[in-house]
Amino acid sequence: MEENKDLEKIISETEKKSKNLLSYIDNEIHYKESKIKKFRKSLKKFIATTLVCSIIGLSIFGAYAFKKRKDSIFGHSMYYEVSANETLINITEKVCGSTDNLDEIVEFNKNLDENFDSIASEGEIIRFPKKHVKNPEYLNSFIKDYNVLKKKLEKNNKIVELAFNSNLQKEKIDSVYKTLDELNKDEKRYEYWKSDIYFSRNAVSMLKDIAKLEDEIKTKVNSKVKEIDYEFKKLKDFFYSNNWKKPGTIEWLESLISRNKQIRYSYECFRKEKNVLETKSIEQKIKSVKSNYINLLNKISNNISQDKYKINQLEKKVNSIFKLGLQNKEIPILREIINEKNNINSYSEWEDEKRLETQLNEYMHELSELKSQVNSKFYFAVNTLNKEIKKYEEEIAHGEKTGRIKGADTRLKYIMEKPLVMIKYRYGLLDYNKGITRTNKLINKINSFIKN
């Protein structure tokens, strides 16, 4: 720039004049030594003035040197980041207003980066010396970027803390992964600045902060994924270790499906596609077991309906017998009803199954009614026979007490061969062993009297 050249010329001329002037002063001192007293006062004043001028000249020179350094810092701190489909020529024209200094700009960048070439690629950094910059608004500032990144790191740290300290949400975990992507981009950019002579210290410091946050995020992610893995393992172990043909299975399986969906959502949040596929696979297995179980319940429901029909038929039979007293031909019917009743399933093992609850309650009520009616008929028959045998027990006891039993063989044989045989036969039809034993005991007793 013309201004800089003029300033350098002034400084050079000032230095030359100062040297000449000092030499002249020395000569004057020697030449006019005899008149030194008179001249000393004016000489001191002249020297002082010259020194002031020299100092001013040096100050101007120092200011210029500082300005050159500032220009150099500007060249390093202000930069242009190439976007897609941009060329160095277009960029230079935009920033510098022309391409007149293109070669100098290329050389300038080569001095900073030996791999720099004139073909601009996306994301590449191009620096411009201040003296060529006409439109600085197109340039980025390292210091400004550095401060922005520091604030962004603080913000990202809060985002990460919030994401992991609250309920797991895909949006929040996506923000964490977005943060990782941003950190990766920032890391690549700051790797470039690490070799910069002016900003290497800040760049290295920032790279450490980026790496620290990256490690913290990855540690949190890995820790959370391990928790999810543990929950998924528990779910699978529970599923594979259980017999699912039992009451309450539907509720358990539905809870497993619900829990599995939560686990799958968690894996989706952390982009674990392999684990997501595994949760889908286990869900299909759980649903298959659930489907089989529902089919089993439907089968049991049908069986209950069939058995309920049997109960209704048996109720009709049991209501029809013994209306005209104890009939021998009806006792086998009662025995048959008892056997059929005993063979009807009570389905007590399914009492806690909610899907069968209403149907089972109705069924159990009717089965209970049938049992009550059968027992009532059975006890009627047994009580009738017990009353009959009791008459003969009392007759024998009375005959034994009064002595009339002696000489009553005809009566005793009749009792033993007629009513007692019939009573024993009826006890047998009822399969009432206690009654049979009672009858045999009385027969044996009567036999003992006949023999005597």
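Structural data are supplied above this passage.
Structure report, in brief. Within each chain, residue numbers correspond to sequence positions counted from 1 in written order. Restriction of local features to residues with pLDDT of at least 70 applies here, the model being predicted, together with a cutoff of 80 or more for giving and counting side-chain atom pairs; totals for whole chains, interfaces and linings are based on all residues. Heavy atoms throughout the structure, all of them, feed into the side-chain values; hydrogens and water do not.

**So, the overall build of the protein**
Numbering goes from the N terminus for both helices and strands, where a helix is a DSSP run of H or I of at least four residues and a strand is a run of E of at least two. If you tally the helices and strands in the protein, you get 14 helices and 3 strands. Buried positions account for 34% of the 452 residues belonging to the protein. Shrake-Rupley sampling with a 1.4 Å probe provides the accessible areas, and residues are treated as covered by the protein chains on show and by no other component. Carbon together with sulfur atoms contributes 50% to the accessible area of the protein, which is approximately 28,900 Å² in total. Each residue gets one of three labels from its accessible area relative to the maximum for its type: buried under 20%, exposed over 50%, partly exposed in between, using a 1.4 Å probe on protein chains only.

**Thoughts on the side chain of Glu-283**
Its place among the elements puts Glu-283 in helix α9 (residues 273-320). Among all residues touching Glu-283, those that are not within four sequence positions of it are Ile-257, Asn-260, Lys-261 and Arg-264. In what follows, a contact means two residues having at least one pair of non-hydrogen atoms within 4.5 Å.

**Section: the packing of helix α10 (residues 331-343) against helix α11 (residues 357-402)**
The axes are straight lines fitted to the C-alpha atoms, using for helices just the contacting stretch, and the angles between their N-to-C directions are given from 0 to 180°. One can describe the packing of α10 onto α11 by two numbers: an axis separation of 11 Å at closest approach and a directional angle of 150°. Two packed elements cross with a definite hand, and for α10 against α11 that hand is left-handed. In this structure, α10 contributes Leu-334, Ile-337, Ile-338 and Lys-341 to the contact, and α11 contributes Leu-370, Lys-371, Val-374, Lys-377 and Phe-378. Each residue belonging to the contact of α10 with α11 can be placed in one class, and the counts come to 6 nonpolar, no polar and 3 charged. In this scheme the handedness of a crossing depends on how the near helix is turned from the far one: anticlockwise by less than a right angle means left-handed, clockwise means right-handed. All residues other than Ala, Val, Leu, Ile, Met, Phe, Trp, Tyr, Cys, Pro, Asp, Glu, Lys and Arg, Gly among them, are scored as polar; the first ten of these are nonpolar and the last four charged.

**Re a negative patch on the surface**
Taken together, Glu-349, Glu-351, Asp-352 and Glu-357 make up a surface patch of like negative charges. Among the secondary structure elements, Glu-357 is positioned in helix α11. Residue classification places Glu-357 among the partly exposed positions, given a relative accessible area of 40%. Nonpolar side chains (Val, Leu, Ile, Met, Phe, Trp, Tyr) within 5 Å and like charges within 9 Å form the patches, drawn only from residues with over 30% relative accessible area and no salt bridge. The term salt bridge refers to a side-chain nitrogen of Lys or Arg lying within 4 Å of a carboxyl oxygen of Asp or Glu. In this tally Asp and Glu are treated as negative and Lys and Arg as positive; neither His nor the chain ends contributes. Lys charges are placed at NZ, Arg charges at CZ, Asp charges at CG and Glu charges at CD.

**Focus: the environment of Glu-216**
Assignment of secondary structure puts Glu-216 in helix α7 (residues 200-240). The exposure class of Glu-216 is partly exposed, given its relative accessible area of 32%.

**Comments concerning unusual backbone geometry**
Unlike most non-glycine residues, Asn-85 shows phi in positive territory, near 65°. For Asn-85, the location among the structural elements is in the loop between β1 (78-81) and α3 (88-96). Looking at Asn-85, the relative accessible area reads 82%, which means it is exposed. Phi at Asp-431 is positive, roughly 60°, even though this residue is not glycine.

**Topic: the nonpolar core**
In this text, buried Ala, Val, Leu, Ile, Met, Phe, Trp, Tyr and Cys residues form a nonpolar core when linked through side-chain atoms within 4.5 Å. Leu-334, Trp-350, Leu-420, Leu-430 and Ile-446 are the most contacted members of the largest nonpolar core, which has 44 residues in total. Every element with two or more residues in this core is listed here: α9, α10, α11, α12 (409-417), α13 (419-430) and α14 (433-451). Per-element tally for this core: the top contributor is α11, with 12 residues. Leu-430 has contacts with Ile-331, Leu-334, Arg-335, Phe-378, Ala-381, Val-382 and Leu-385, leaving out every residue within four places of it along the chain.

**Side note on the sheet that holds β1**
Strand pairing is defined by DSSP finding a minimum of two bridges between the two strands. If you trace the 3 strands from one edge of the open sheet to the other, you get β2-β1-β3, paired in antiparallel fashion. With partners counted over all chains shown, the strands left at the sheet margins are β2 (125-127) and β3 (140-141), one partner each. Where β1 lies against β3, 2 bridges are found, and the strand directions are antiparallel. By the bridge assignment for β3, Met-78 is matched with Ser-141.

**Remarks on helix α4 (residues 102-112)**
Turning to α4, its buried residues are Leu-102, Ile-105, Val-106, Phe-108 and Asn-109. Buried residues of α4, viewed axially, fall in a sector of 160°; they line one side. Within α4, the exposed residues directed more than 90 degrees away from the buried face are Asp-103 and Asn-111. Directions drawn from the helix axis to the C-beta atoms are what define this arc.

**Details of α11**
Residue count minus one, scaled by 1.5 Å, sets the expected span of a helix. Over its 46 residues, α11 extends 65 Å from the first C-alpha to the last, a length consistent with the 68 Å expected when each residue adds 1.5 Å. One or two steps after α11, the chain reaches Gly-403, where phi turns positive at roughly 85°.

**A look at the packing of α3 against α4**
Any two packed helices are characterised by how steeply their axes cross, that is the angle between the axes, and by the distance between the axes. Put simply, α3 and α4 touch, their axes get as near as 11 Å, and they point 105° apart. It follows from the interaxial angle that α3 and α4 lie roughly perpendicular. Of the residues in α4, those in contact with Leu-88, Ile-89, Thr-92 and Cys-96 of α3 are Leu-102, Ile-105 and Val-106. Among the residues forming the contact of α3 with α4, the class breakdown is 6 nonpolar, 1 polar and no charged. Our angle categories are set so that under 35 degrees counts as roughly parallel, over 145 as roughly antiparallel, 65 to 115 as roughly perpendicular, and the remainder as oblique.

**Observations concerning the pattern of salt bridges**
Opposite charge on two side chains lets them pair, provided their charged atoms get close. Inspection of the entire model under this criterion finds 25 salt bridges. Taking the shortest distance from any N to any O, the salt bridge between Glu-104 and Lys-131 comes out at 3.4 Å. Here the residue Glu-104 occupies a position in helix α4, and Lys-131 occupies one in the loop between β2 and β3, the gap between them amounting to 27 residues. Salt-bridge contacts for Lys-220 lead to Glu-161; the nearest nitrogen and oxygen are separated by 3.5 Å. Of this pair, Lys-220 sits in helix α7 while Glu-161 sits in helix α5 (residues 142-165); the two residues are 59 residues apart in sequence, bridging distant segments of the chain. When its relative accessible area of 30% is taken as the criterion, Glu-161 is described as partly exposed. Among the charged side chains, a salt-bridge network with shared partners connects Glu-81, Asp-145 and Arg-189.

**Looking at the packing of aromatic side chains**
Centres within 6.5 Å make a pair out of two Phe, Tyr or Trp rings, where for Trp the six-membered ring is used; the pair is then stacked when the planes are under 30 degrees apart, edge-to-face when over 60, and tilted otherwise. Across all of its chains, the model carries 17 aromatic pairs by this definition. Here the aromatic rings of Phe-164 and Phe-270 are separated by 6.3 Å at their centres, their planes lie at 35°, and the arrangement is tilted. Remark: Phe-270 occurs in the loop between α8 (249-269) and α9 and Phe-164 occurs in helix α5; sequence separation between them is 106 residues. Taken as a pair, Phe-164 and Phe-270 share a single burial class, namely buried. A connected cluster of aromatic rings, assembled from ring pairs, spans Tyr-79, Phe-142, Tyr-146, Tyr-190, Trp-193 and Phe-199.

**Here's the deal with the environment of Ser-175**
By the element assignment, Ser-175 lies in helix α6 (residues 170-193). Classification of Ser-175 as partly exposed rests on a relative accessible area of 22%. Each C-alpha atom of the pair Ser-175 and Asn-156 lies 8.9 Å from the other, and the pair is 19 residues apart in sequence. Nitrogen and oxygen atoms within 3.5 Å of one another constitute a polar contact, given that in protein one can donate a hydrogen and the other can accept it, and given that sequence-neighbouring residues count only through two side-chain atoms. For Ser-175, the side chain forms a polar contact with the main-chain oxygen of Lys-172, separated by 2.4 Å.

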